[in-house]
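Here's the letter readout for the chains.
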Amino acid sequence: MPADSAAPEVYPKYKNLMKAIEGLGFHDHLCLIYETSEEQFAAIVPFVRVGLERGEKCVYVADDNTSAGVIAHLERGGVDVKGALTTGVLSVITKKDAYLKQGYFDPDWMIRFLKDSTDNAKAQGFKGLRVTGEMTWVLGAESGSERLIEYESKLNYFFPENDCLAICQYNVGRFKPEVIIDVIRTHPLVIYRGQVCRNLYYTSPDEMLLPNQGYLELSRLLYNILERERLEELNRRSEDGLGTLEVEVEEAQRIGRVGNLDLDIETGEVNWSGGLCRMFGLDPGMPLPDFKWHLRFYSAESAKKLEAAAEASKKTGQPFELDLDLAQSPSRWVIARGGVRKAPDGRVTGLRMTLIEMTGRARSGVESGSAAGHLLNLAEAMDSVVFWVLSASPPRFEYVNRAFEKIWGRKRDELLVDPGLWAASIHPDDRGAVNSCLEQLMSGVKDAYSADFRVVRPDGSVRWVRGQAVRLAPSGDGRLLVAGAVEDITERKASDASRSAGEELSHVPGSANRLTGLLPICAYCKKIRNDKGSWESLEKFIREHSEAEFTHCICPDCAERFAKKDIGMA
């Protein structure tokens, strides 16, 4: 085989294209949209050359160019064509040897031809099959050429399951624009003007081969219009917010009493956030202490705990979480959470620590033998009920148990930092009523409340909960406290809804009453025997005995099982 430098010398403007071609592999399906012969063979020469170097069987289907012309281009690109043809590793054939071998074009026959060719290549000791074909044969008068797009789309079922890859070549000056548009839609990868591009407009065969393409294309067009507007709005917000982001982060840390420390293990350099400087009473404009010196801010016992945890984290890569006392009077305490930063090779290169000041809040260190300790342990053990304590002015959660994470789908530390997260997670239709109850409780209008409402989790799933809360007597420092419990009742709601639906169906007149008992349904065709003894479709029966209507579509499973069968790909 020739040196790798041969092709770049012939096509010096296309060095990046050659590197991209080298990154292709089995299962890739590309179209090459070209205008000149240079554009065409700048992609095809390295495509063939790389295949030969990798021990793959290579096939070129010529049409617009003669076989001799193709061979000349390959030789000019540094390919040992004579040796490759002699050993059978390369074949240069025509449309009559492939697409039109039967005298007409049949997409399914051609795909079987590719399947057999791939299997034969592997049986002969090749790693797989690499194919490229000039598609101008479609412009002829041969029968079946109108099925081109069907063929290109069905290939996307073939390639993922076979050790084969292909570039379909389209001279943009020879085809109508609407044909090229459909060609682009059927190729996951597109080569154009020296670039291999992931295709934004690729359409899966499950969708491409279904009827009513006009409606599907209209839906896609309208969706893209909306999506583009949404992205532009997000971009505008991002640009508007860049100037104030740093200020907002600083303000969030101030309100939440949170700070960060970032240690570069290799240099010893420490970066302090403004929130951490404020927590320890430091001037961020002055030189700040290193990690070792900063341990003086903690009590002696807490300093030892933190230093030991940090060293263990550096060695093992495991995170840590500690309750720490600060060496200040009056007594203050923080939660310290640490984790390591790693290089791509796995080396631990940094330690990042977040401190959350918890002074005045309920603490996990309550004596285990006390009544408060027993209650706290019970609350932490519950995973279906959220227990919480809220300080009214300013609004701040003093405590929330871990069940919050299971029901809300968020970390409870997020809530301790941002109390507004509670209300923001309530379903918009329920939020007003819940907030009103809480406001009445905090203002003294009510001493307690109970309400069912929905919580929307970050993944979009919805949980039904039953919340109860009471207004507590003012704390020793005069703060108004509210405590509550929230129980997950999602399954109970679903059961009630199912029972209610069954009761409603049982009151439908006529033969629909059988829905509460035995309903005679054919085990094969799923028709139902009505009260007159006749068999009718399930759809007709439900429509006549209820107010339900039907709209027809195709689910993904049926698209996989039946749509493929209908188009001959089962």
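Residues numbered from 1 in each chain as written. Predicted model: local features only at pLDDT ≥ 70, side-chain atom pairs only at ≥ 80, totals over all residues. Heavy atoms only, no water.

(A) View of the packing of aromatic side chains. Under the defined criterion, the tally for this structure stands at 14 aromatic pairs. Between Phe 105 and Tyr 151 the ring centres are 5.3 Å apart and the planes differ by 90°, which places this aromatic pair in the edge-to-face class. On the criterion of sequence distance, the pair formed by Phe 105 in the loop between β3 (90-94) and α6 (107-123) and Tyr 151 in helix α7 (residues 148-158) is long-range, its members being 46 residues apart. A residue is classified by how much of its surface remains accessible, and Tyr 151, at 3% relative accessible area, is buried. Taken together, the aromatic side chains of Tyr 99, Phe 105, Trp 137 and Tyr 151 make up a single cluster linked through ring pairs. Taking the ring centre of Phe 47 as reference, the NZ or CZ of Arg 130 above it sits at 4.7 Å. Above the ring of Phe 291, the side-chain terminus of Lys 314 is found at 6.0 Å from the ring centroid. (Phe/Tyr/Trp six-rings, centres within 6.5 Å; stacked < 30°, edge-to-face > 60°. Helix = DSSP H or I, 4+ residues; strand = E, 2+ residues; numbered from the N terminus. Buried < 20%, exposed > 50% of the residue type's maximum accessible area, 1.4 Å probe, protein only. Lys NZ or Arg CZ within 6 Å of the ring centre and 35° of its normal.)

(B) Representation of the nonpolar core within the structure. Counting 35 residues, the largest nonpolar core has Tyr 11, Leu 52, Leu 74, Leu 90 and Ile 191 as its most contacted members. A per-element tally of this core places helix α3 (residues 37-53) first, with eight residues. Setting aside residues up to four positions removed in sequence, Ile 191 forms contacts with Leu 17, Ile 21, Leu 30, Cys 31, Leu 32, Ile 33, Ala 43, Ile 167 and Val 196. Formed by 33 residues, the second largest nonpolar core is a distinct cluster that contains Trp 109, Met 135, Leu 148 and Val 190. (Core = buried A, V, L, I, M, F, W, Y, C linked by side-chain atoms within 4.5 Å. Contact = heavy atoms within 4.5 Å.)

(C) Here's a closer look at the pairing of strand β13 (residues 385-391). Extensive coverage of β13 is indicated by the burial of five of its seven residues. Sheet topology places β13 next to strand β14 (residues 396-400); four bridges connect them, and they run antiparallel. Counted as the bridge partner of Val 389 is Tyr 399 from β14. (Pairing = 2+ DSSP bridges.)

(D) Structural detail: the state of the cysteines. Applying the stated criterion across every chain, the model contains zero disulfides. The thiol of Cys 31 is not disulfide-bonded; the next cysteine sulfur, from Cys 168, is found 7.4 Å away. (Disulfide = S-S within 2.5 Å.)

(E) Region of the structure containing α6. When the terminal C-alpha atoms of α6 are compared, their 24 Å separation across 17 residues agrees well with the 24 Å that a helix rising 1.5 Å per residue should span. As for α6, its buried residues are in contact with β2 (57-62), β4 (129-134), α7 and β5 (164-171). The residue sitting at the N-terminus of α6 and contributing the capping side-chain oxygen is Asp 106; that oxygen lies 3.1 Å from the backbone nitrogen of Asp 108. Downstream of α6 by one or two residues, Gly 125 has phi in the positive range, about 100°. (Expected span 1.5 Å × (residues − 1). Polar contact = N/O pair within 3.5 Å; in protein donor to acceptor, adjacent residues only side chain to side chain.)

(F) Structural view of the sheet that holds β4. Reading across the sheet, the seven strands line up as β3-β2-β4-β5-β1-β6-β7 and stay open at both edges, with mixed pairing between neighbours. One side of each edge strand has no neighbouring strand; the edge strands of this open sheet are β3 and β7 (195-198). Taken over all neighbouring pairs, the strand axes of this sheet differ in orientation by 20° on average, direction set aside. Pairing analysis gives six bridges linking β4 to β5, with the strands arranged parallel. (Axes fitted to C-alpha atoms, helices over the stretch in contact; angles between N-to-C directions.)

This is a description of form; function is not addressed.
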